[in-house]
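A look at the structure
Listed below are the residues making up each chain.
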Amino acid sequence: MRRPDRAHLRIASDGRTIAYLSHGGAEALNLWVGDVSDPSKRRQVTSFTDDRIEDFLFCCGGRHLLYMTDGDGDEIWRLNVVNPQTGDELRFTLGEGVRATIVEHNARHPDHTVLSLSGSNPQLRGLHVGDLRSGRIWKIDGPSGFARWLVDRDLTVRGGVRSHADGSATIMHRPHATAPMEVILDLEPDDATCTDVIGFDSTGGWLYLSSSVGADHVRLLGYDVAARRLRVLSEEPGRDVAGVWLEPRSFTPDVVVYSGKRPIYRAMGNGIAAHVDTLLRQGDNVSVQRSDSDRYWIVSYDRPEHPIRYFSYDRHEKSLRYVGAHNDELESARMSPMRPFTFAARDGLELNGYVTLPSGAAGTAQPTVLLVHGGPWSRDEWQFNPVVQWISSVLGFACLQVNFRGSTGAGKAFRNLGNRQWGKAMNDDLLDGVAYAVEQGWADPNRVAVMGASYGGYAALMAVAAPQQPFRCAIAQAAPTDLVAMLETLPPHWHGARSNLHRRIGDPATDRAELHRMSPIAQADRIEVPVMLADGAQDPRIPVTATQRIVDSLSRRGIECHRLVFPDDGHIFARRENVASFYAAAGQFLRTHLAVG
């Protein structure tokens, strides 16, 4: 859980300058810029005293760094611009409660960006153009009612994605700014949640998207504007598209990344395959940032047993040069290896997961922590996970991860198996995973804990409330403990997902009793093992007051319960002191309850 020395490395359009987040020896993360050929030549360009920066990008031309801040965990992101050469700051004046997201920015318009704004002020909603030199913004007149807009490389609004009350969606498009809108694709609810619009190519003649429409798995699709035809460009049986690399001049896909136990890469563009092969010889989990000329890349390798490592890559010379690691101090640390596994759930469904055993554990059943991923519409992956290594390499316990039904990456049918199965079959999969780990000799059946954040925290609480559960203790961070309250108090920027949440979890208007029954607050009296509950008071997603009812139930019955509430943090703990406090307490809690005896 150490502070990163380098995070989210980006390369400027010139291919010579890099930017990244770093603590720089101080308490807070700030933006730094440096020379890619000599990483020691670097300078700090922001001066925050606490962790506020959520993400950033190098604006085309390298004259600006555009970054987003979230000061108190309320997920209302603010937009800021800094000159990487001078450190001069420019902040867009958007008013309180206005949430900004970046829709389009490219080299044709290096001093402008298209923004989507949302908030209570009707004048500050919809699409706007932001001037990165002056901080002035102005509204774009045009179509409305889209959950997401389609903007081409000339910053022309070409269409959008319109969401419907039943969870379905329609992708609409027009060939130019004055043409009428046409429907490209009608998406059923199952496909709407498995569709992502990637963007236009440089000519505006192709629109790229990944979608499960017409198939079970997510494929790469292209819409030919002139022919008004949707074409399948790439697919991999049994795997979902997990990422797409775009050629930075034509904005056409040239590499498609597919999910699975380990990612696989499919080269599409002319001449790109040899470069992919060169990179994969150094490691099998790769992502890239590319300069405008496409000669220089920043390559990151993300493997389970070491923190992310960054290299510069010269395409002409096919040479890699080490730039640095996410955390220098951990570079020499001995990390535990992760291994994938597959097993059958009690109903015969094939599931996969990962087990990470501490060094020297071969042949000996270990105290084990089942770490449940959040979402639940996400997945555990073959990559460095600091919590996994904290459990295995620091605490010395085995770490078990299970991609239960409802997880992403394995097709929409697998995802749909999790519909309305919160606390039911989804949790059964977790229990079956523990049973499998015991059978394999990895886990000591008498020393197993369960831990998770968000949905993972919910699953942890429901797991220890289950009959004949195998766990000695549970840790739940930012857990939705009252499903009815969660669904009735969604933050404004989640309202577009309401119908999908009702379909996948339940609708309080018609399923109130069942939602209550499957809430941890209704199962609290069945919990008989020690529990740790941690929340950020600024969490906009989870009504944290409901969690007190679990605390009261456990306290009334004399069951150990540790309660942590951080007043200045949100759903995801971001402040350094809060992260340190949480993991110090969680480590002591696990050591106490997974000790021999």
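It should be emphasised that the depicted structure is a prediction, and the values quoted were computed from it without experimental measurement. (Residues numbered from 1 in each chain as written. Predicted model: local features only at pLDDT ≥ 70, side-chain atom pairs only at ≥ 80, totals over all residues. Heavy atoms only, no water.)

A word on the sheet that holds strand β4 (residues 38-44)
Remark on secondary structure: sheet strands pair via backbone hydrogen bonds, oriented parallel or antiparallel. Strand order across the open sheet formed by four strands is β1-β2-β3-β4, with antiparallel pairing between neighbours. Because the sheet does not close on itself, it has two edges, and the strands there are β1 (7-11) and β4. The average angle at which neighbouring strand axes cross in this sheet is 30°, direction not considered. Where strand β2 (residues 17-22) lies against strand β3 (residues 30-35), six bridges are found, and the strand directions are antiparallel. Among the inter-strand pairings, I18 is bridged to a residue of β3, identified as G34. (Pairing = 2+ DSSP bridges. Helix = DSSP H or I, 4+ residues; strand = E, 2+ residues; numbered from the N terminus. Axes fitted to C-alpha atoms, helices over the stretch in contact; angles between N-to-C directions.)

A short note on the nonpolar core
Inside soluble globular proteins, nonpolar side chains tend to come together where they are buried. Core analysis: the largest hydrophobic core is formed by 59 residues, its most contacted members being L370 and F471. The dominant element in this core, judged by the number of residues it contributes, is helix α6 (residues 455-464), at eight residues. Contacts of F471, omitting those with residues within four sequence positions, involve L370, L431, V434, V448, A449, V450, A463, V464 and V529. Among the nonpolar cores identified, the runner-up in size contains 27 residues, and V387, V388, C399 and F582 belong to it. (Core = buried A, V, L, I, M, F, W, Y, C linked by side-chain atoms within 4.5 Å. Buried < 20%, exposed > 50% of the residue type's maximum accessible area, 1.4 Å probe, protein only. Contact = heavy atoms within 4.5 Å.)

Focus: the confidence of the model for the protein
Confidence in the prediction for the protein averages 89 pLDDT; 96% of positions are at 70 or higher. Strand β31 (residues 398-403) holds the highest mean pLDDT among the elements of the protein, 98, whereas strand β8 (residues 89-91) holds the lowest, 80. (pLDDT = per-residue confidence, 0-100.)

Some remarks on unusual backbone geometry
Residues apart from glycine generally show negative phi values, whereas peptide bonds are mostly found in trans. Backbone torsion omega between G375 and P376 reads 5°, so that peptide bond is classified as cis. Here P376 is to be found in the loop between β30 (366-372) and α3 (386-394). If you check the backbone angles, F251 has positive phi at about 55° while not being a glycine.

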